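This is what each chain is made of:
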Amino acid sequence: MNLLISGPPASGKSRAALEIFKSQRDRLLIVPTATMVEHVRHTFARSGALSGFPVRPREICTLATCLEEWSTEAVAPAALLDLLIEQTLKRLRPERFTAVAGFPGFRRALAELFEQAPAAALPQDLAELQKEVERQLKARGLGLRHARLRSAAERATLTSNVIFDGFFTLSEAETELVLTLGERTAVTITLPDWSGSQAVRHILRSAEFEEQRLSSTLRSARRTGFSAATIEREVEEIARRILDYAARGRSFREMGIVLRSRDPYAGVLETTLARFRIPARFYFHRPLGSHPALMFLAGVLRAMLAGWDQATLLSAVRMPISGWGATAAGDQMDFAWRDRLPAAGLPLPAGLEPLAELDDWRRERLESQEWATRLKTLRALLPPPAVPEDCDPDRIRALQSTSAALAAFDEILDGAAAALDGSGRCPLAVFWKQVETALTLEPLRVQDLRRNVVHVMDAYEARQWELPIVFVCSLIERLSPQYHREDPILGEAERSRAGLDTAADRQREERFLFELATSRASEETILSYPRFDDQGEDTLPSFFLEGSFAPIEARPMVPRAQPRMESGPGDRRHVEYSPKTLSPTGIESFLQCPFQFFASKTLRLRRRPAAPRDRLDLLLQGSILHRALAELTRAPLLGAAILDEIFEEECARLRVPEGYRTEAIRLELMRHFRGFLDDTQFGLRNWHTRVEEKFSYALNPLVNITGRIDRMDVGPANQALVIDYKYSAGNKIRERVEDTGGGHLVQGGLYLAAATRTFGLDPVAMLFCGLKKDVTWDGWHISIPGLELLGTSSTREFINTLIADAESAAVRVHEAITSGDIAVHPRDPLKCRWCDFCDICRVESAVLVKKAHDTL
């Protein structure tokens, strides 16, 4: 008797199917994925150990494993199928796909379509492509999935009872296989009760499958929820709750996290759980080429094939797995190397001589198998692993992962050699293209035998899981549910006629996946979502949720530090810093955030040099304008030509590449520079101009104030008008004036003080000149003819107050620095996004913190 077991999620379909499996002696359980095979085997192993119920591993397998045994044709490797489609497109040249034929994504979409649908169900141009690809596959003893499914039914070595469990629905070819098996043996199949399986269930009932409908759910877990400010805070709250459950005696293996899909949460979860020392297993497949060892080897080869492009080579060498990355020597090489970019060719920096020995490979032509043999020697470029006796478990898993990746790399090389067999001698570039395709398409599989881990999976993987505690996160629109577009290759009507799912079918599946994910817990389901995205914009909670959730506290959580041994007399972890000189910029850095000053001045951390195309940033643009304005004072007859000369000098010195962006910035700077030349707002007669004036004076016996004034105009009576140029728009100049008046900035006051203390002048004005867009003047001055329209007319008492307040702030800053104040406390969180050290202080992003607190 053939049996169809149907019902909603959590109605006990799998449990009923497994009971049938346990009651039979001659049986075969077929599930969709290898991880489900592992999960079911472990479940039976644990229950069998208690009840004396043995299960042979071969009695539980995937449908793909059955096809390997039953079908006359072997599975076509993804990289080979991609190659055959590429070659067929070049030969047949279908007019409809001329514009996209060279895109890898298009070929992968065709491969997926060809695996699912026979040629008879496709339009003529696609059918011709598929027939040609199938012909070439058959010559190699390979076949597409739909063909392998049909041939498998004829040769299946059957047991008395075949059970299919864990499938959402069946394709047309899969349905034919089940029906054929049902004619020869007893078949039991479980299918969920949702619109996507309705047609298949109707076909099975028409074929006299008896339907056992389970209408009620067996689990009714308590459901709670929360919202967090950001994805990072959401994930940290999940980690905190996991640790709280563990502290109350709950095993890690009794908890799971379900995502709609891998991105964008899996990476954040992986790093956060590791930071909180929570063991976790992630049931996601990553491309084989994403493993660090293979990324390094691929980067070296790409750089070599591009004539030793040193930017590409640097990105590979600075990876920790190279032996250079994450070391002091590697950081020094990285900084020095980046300053020389762009560059190509040999020689390479000292220490990289073994890489240069590969240079002859670029000019050789070998048989594909010879290339495979030679490329297998690349693993010698990796440093030998060090395994101490007290090796950390995480380190052991990393070594196991590297070993598995290198073994899979060898298989990829053999597969590429087989795919290109018979094509004769070829250059390395041709062979490596096939290898890189395989590295992109083949998954990385690393065995993980840990038992007590938190399980992290997507909604598809969760279909056969039942755990006491389940977190379902990422519940915002466009993540859960996702929204699906019409297939660009095969329209909705054509897909429907071919028996393939349509965009409408995939959209209906989203509700089913949500119900599936939220029914995996037996005790408690915790739902969550972030309220803001990474740009600080409000997110929209998933329409699947009923109402919104209360926000949690917005402050970030930090894992408890591991205990340390007491430091000895030679330990220099505690850094004392008592500066003898301070600059106005340094003081303002401390006033903005003590940690920012600590990182830049005390630890003297350097920002990693920018990539060539990013070097012409706002800081360099401002520096170019400053130099040009200073030279203009010395040589006013040169006019705007000064800017072009200085721009070329700076770009040559910093190796800024020519291009559209560079020229666009030059033109923008020239427009602003000419705007300053044409500006008539500022005009003083009989005043002498001095530029780039350095100063230094003693604030008190403990500290000196040093700096450089952009421009200082000296009047007939030794008056000093201090001007500071800013490559900023008018609104930013206004903000600076307000912050200076409010005591948050000290540059203006200290410059005025320097005019008296260093140059012996009478400070009468402090003006800021904004050079971006329209020329803007703002600041303070006593009544001086010619300045009536600029800034604010003030008294001498106000000027003296600016000086006194700035010097008082400088004294307070010096005292705070010497007392060890390194607090992460930004005065203006909006500026954190531009701080070079925001990644190490872990301050919440500017807008996000403010919005999060506003909602509490």
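Residues numbered from 1 in each chain as written. Predicted model: local features only at pLDDT ≥ 70, side-chain atom pairs only at ≥ 80, totals over all residues. Heavy atoms only, no water.

Student: What should I look at first to understand the overall build of the protein chain in this one?
Tutor: Across its full length, the protein chain holds 30 helices and 25 strands. Taking the principal axes of the C-alpha coordinates as reference, the protein chain spans close to 110 × 65 × 60 Å. Buried residues in the protein chain amount to 48% of all 856 residues. Here the contacts in the protein chain between residues at least 6 apart in sequence split such that 75% fall between residues at least 24 apart. Here the protein chain holds 110 positive side-chain charges and 116 negative ones, and the gap between their average locations is 2 Å. (Helix = DSSP H or I, 4+ residues; strand = E, 2+ residues; numbered from the N terminus. Buried < 20%, exposed > 50% of the residue type's maximum accessible area, 1.4 Å probe, protein only. Contact = heavy atoms within 4.5 Å. Lys, Arg positive; Asp, Glu negative; His and termini not counted. Charge placed at Lys NZ, Arg CZ, Asp CG, Glu CD.)

Student: Explain the sheet that holds strand E3 (residues 60-62) here, please?
Tutor: The strands that make up a sheet are held in pairs by hydrogen bonds between backbone atoms, and each pair lies either parallel or antiparallel. The six strands are arranged E3-E2-E6-E7-E1-E8 in an open sheet whose pairing can be described as parallel. In this open sheet, the two strands that pair with only one neighbour each are E3 and strand E8 (210-213). The sheet shows a mean angle of 20 degrees between the axes of neighbouring strands, direction not considered. Relative to strand E6 (residues 161-164), strand E2 (residues 27-31) runs parallel, the two sharing four bridges. Across the sheet, the residue bridging to Arg-27 is Asn-161, located in E6. Packed onto the sheet, helix H1 (residues 13-23) meets strand E1 (3-7), E2, E3, E6 and strand E7 (186-192) and runs at close to 155 degrees relative to E1. (Pairing = 2+ DSSP bridges. Axes fitted to C-alpha atoms, helices over the stretch in contact; angles between N-to-C directions.)

Student: How do you make sense of empty space enclosed by the protein when you look at a structure like this?
Tutor: A water-sized probe, rolled over the atoms, reveals where empty space remains. All told, the structure shown has five cavities of 30 Å³ or more when counted by the stated rule. Put simply, the largest cavity is a space of about 90 Å³. For the largest cavity, the lining is made up of 12 residues, of which Cys-593, Gln-596, Cys-832, Cys-835 and Cys-841 are closest to its centre. Those elements that provide at least two residues to the lining of the largest cavity are helix H22 (594-602) and helix H29 (838-841). A class-by-class count of the residues in the lining of the largest cavity yields nine nonpolar, two polar and one charged. The volume enclosed by the second largest cavity comes to roughly 80 Å³. (1 Å grid on protein atoms, 1.4 Å probe; cavity = no way out; pocket = protein on both sides within 12 Å on 5 of 7 lines; lining within 4 Å. Points joined across faces, edges and corners; volume = space filled by probe spheres on them. Nonpolar A, V, L, I, M, F, W, Y, C, P; charged D, E, K, R; others polar.)

Student: Where do I start with unusual backbone geometry in this structure?
Tutor: As a rule of thumb, non-glycine residues mostly have phi less than zero, and peptide bonds are mostly trans rather than cis. Put simply, Leu-341 and Pro-342 share a cis peptide bond, and its omega is 0 degrees. Position of Pro-342 relative to the elements: it lies in the loop between helix H14 (328-339) and helix H15 (353-356). One non-glycine residue, Ala-10, adopts positive backbone phi at about 70 degrees. Of note in the backbone geometry, Ala-326 takes a positive phi value of approximately 60 degrees without being a glycine. Mapping Ala-326 onto the fold places it in the loop between helix H13 (310-317) and H14.

Student: What is the right way to read the side chain of Asn-161 from this model?
Tutor: Topologically, Asn-161 is positioned in strand E6. For Asn-161, a relative accessible area of 14% corresponds to the buried category. Within polar-contact distance, the side chain of Asn-161 engages the side chain of Gln-24 at 3.0 Å. Those residues in contact with Asn-161, other than ones at most four positions away along the chain, are Gln-24, Asp-26, Arg-27, Leu-28, Thr-185 and Ala-186. (Polar contact = N/O pair within 3.5 Å; in protein donor to acceptor, adjacent residues only side chain to side chain.)

Student: For this particular structure, what's the right way to read the packing of helix H5 (residues 104-116) against helix H6 (residues 124-139)?
Tutor: Packed helices, taken two at a time, are described by their axes: the angle between them and the distance between them. Look at H5 against H6: their axes get within 11 Å of each other, and the N-to-C directions meet at 80 degrees. The angle between H5 and H6 falls in the class roughly perpendicular. Contacts between H5 and H6 involve Leu-110, Leu-113 and Phe-114 on the former and, on the latter, Leu-126, Leu-129, Gln-130 and Val-133. For the contact of H5 with H6, the per-class residue count stands at six nonpolar, one polar and no charged. (Parallel < 35°, antiparallel > 145°, perpendicular 65-115°, else oblique.)

Student: Where do I start with the sheet that holds strand E17 (residues 467-472) in this structure?
Tutor: If you trace the six strands from one edge of the open sheet to the other, you get E9-E18-E17-E10-E16-E11, paired in parallel fashion. Either end of the sheet is taken by a strand with one partner, and the two such strands are strand E9 (222-228) and strand E11 (280-282). Taking the axes of each pair of neighbouring strands and ignoring which way they run, one obtains an average angle of 20 degrees across the sheet. Packing of helix H10 (residues 231-247) onto the sheet brings it into contact with E9, strand E10 (255-259), strand E16 (454-458), E17 and strand E18 (521-530), and relative to E18 it is tilted by some 155 degrees.

Student: When you look at the packing of aromatic side chains in this model, what are you seeing that I'm missing?
Tutor: Where two aromatic rings form a pair, the distance of their centres and the angle of their planes describe that pair. Within this structure, the stated rule accounts for 20 aromatic pairs. With a centroid separation of 5.0 Å and 15 degrees between ring planes, the pair formed by Phe-682 and Trp-777 is classed as stacked. Here Phe-682 is found in the loop between helix H25 (660-678) and strand E20 (688-700), whereas its partner Trp-777 is found in strand E24 (residues 776-781), with 95 residues between them in sequence. Residue class for Trp-777 comes out buried when judged on its relative accessible area of 7%. Taken together, the aromatic side chains of Phe-168, Trp-194, Tyr-460 and Phe-512 make up a single cluster linked through ring pairs. Sitting over the face of the ring of Tyr-727, Lys-772 holds its NZ or CZ atom 5.2 Å from the ring centroid. Positioned over the ring face of Trp-834 is Arg-833, at 5.6 Å from the centre of the ring. (Phe/Tyr/Trp six-rings, centres within 6.5 Å; stacked < 30°, edge-to-face > 60°. Lys NZ or Arg CZ within 6 Å of the ring centre and 35° of its normal.)

By themselves these figures say nothing about function.
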